[in-house]
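Examination of the molecular architecture
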Amino acid sequence: QVQLVESGVGLVQAGVALRLSCAASGRTSSIHAMGWLRHSPGKDREFVAAINWLGGSTLYADSVKGRFTISRDNAKNTVYLQMNSLKPEDTAVYYCAIRRGSRSSGLATEYDYWGQGTQVTVSS
């Protein structure tokens, strides 16, 4: 059993920053990549960012590149998403996810475990 708990729920104005955290616990693989994905009403679940096991390789969706930064602390089994210059179109439920293995992925279907999600609302 793997548990992922996101934190950092927020209602913010456009232009400000917000950091999300996700702590993993339970029977996580000793080696795993982690990612953030989001879901807005009327849209498919969208990949946001991912980071490999060692943290040396990251992937970003074009829509967030240059504004969002993913990082991880393996000692704490935690992944972070620093979101700067937020826009109303970033409003969504944000999920963190684990992919077994060392490589990260930009495909939502390749993630094995998901958190419950946390709402981020950006007002204009």
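Residues numbered from 1 in each chain as written. Predicted model: local features only at pLDDT ≥ 70, side-chain atom pairs only at ≥ 80, totals over all residues. Heavy atoms only, no water.

Here we come to the state of the cysteines. The full count for this structure, using the stated rule, is 1 disulfide. The disulfide partner of Cys 22 is Cys 96, and the gap between their sulfur atoms is 1.8 Å. On the criterion of sequence distance, the pair formed by Cys 22 in strand β3 (residues 18-26) and Cys 96 in strand β9 (residues 92-100) is long-range, its members being 74 residues apart. The pair formed by Cys 22 and Cys 96 is uniform in burial state, with each residue classed as buried. (Disulfide = S-S within 2.5 Å. Helix = DSSP H or I, 4+ residues; strand = E, 2+ residues; numbered from the N terminus. Buried < 20%, exposed > 50% of the residue type's maximum accessible area, 1.4 Å probe, protein only.)

This part covers the packing of aromatic side chains. All told, the structure shown has 2 aromatic pairs when counted by the stated rule. Taken together, a centroid distance of 6.2 Å and an interplanar angle of 75 degrees make the contact between Tyr 95 and Trp 114 edge-to-face. Placement of Tyr 95 in strand β9 and of Trp 114 in strand β10 (residues 113-114) is noted, with a sequence separation of 19 residues between them. Judged by its relative accessible area of 13%, Tyr 95 falls in the buried class. When the ring of Tyr 111 is compared with that of Trp 114, the centres are 6.4 Å apart and the planes differ by 70 degrees; the resulting orientation is edge-to-face. Classification of Trp 114 as partly exposed rests on a relative accessible area of 25%. An aromatic cluster is built from Tyr 95, Tyr 111 and Trp 114, whose rings are joined through pairwise contacts. (Phe/Tyr/Trp six-rings, centres within 6.5 Å; stacked < 30°, edge-to-face > 60°.)

Grouped together as the largest cluster of nonpolar side chains are 31 residues, with contacts concentrated most on Trp 36, Leu 81, Met 83 and Tyr 94. Listed by contribution, the elements that provide at least two residues to this core are β1 (2-7), β3, β4 (32-39), β5 (46-51), β7 (68-73), β8 (78-83), β9 and β11 (118-123). The residues touching Tyr 94, leaving out its near neighbours within four places in the chain, are Glu 6, Leu 20, Trp 36, Leu 37, Arg 38, Val 48, Phe 68, Leu 81, Met 83, Gly 117, Thr 118 and Val 120. (Core = buried A, V, L, I, M, F, W, Y, C linked by side-chain atoms within 4.5 Å. Contact = heavy atoms within 4.5 Å.)

Turning our attention to the confidence of the model for the chain. Chain-level pLDDT for the chain is 93 on average; 99% of the residues reach the 70-or-more range. By mean pLDDT, the top-scoring element of the chain is β7 (97), and the lowest-scoring one is strand β2 (residues 10-13) (89). (pLDDT = per-residue confidence, 0-100.)

Strand pairing in a sheet relies on backbone hydrogen bonds. The paired strands run either parallel or antiparallel. Spatially, 4 strands are ordered β1-β3-β8-β7 in an open sheet, and the strand pairing comes out antiparallel. At either end of the open sheet lies a strand with only one pairing partner, and these are β1 and β7. Sheet twist, expressed as the mean angle between neighbouring strand axes with direction ignored, is 15 degrees. The pairing of β1 with β3 spans 6 bridges and is classified as antiparallel. Residue pairing for β3: Gln 3 is matched across the bridge by Ser 25. (Pairing = 2+ DSSP bridges. Axes fitted to C-alpha atoms, helices over the stretch in contact; angles between N-to-C directions.)

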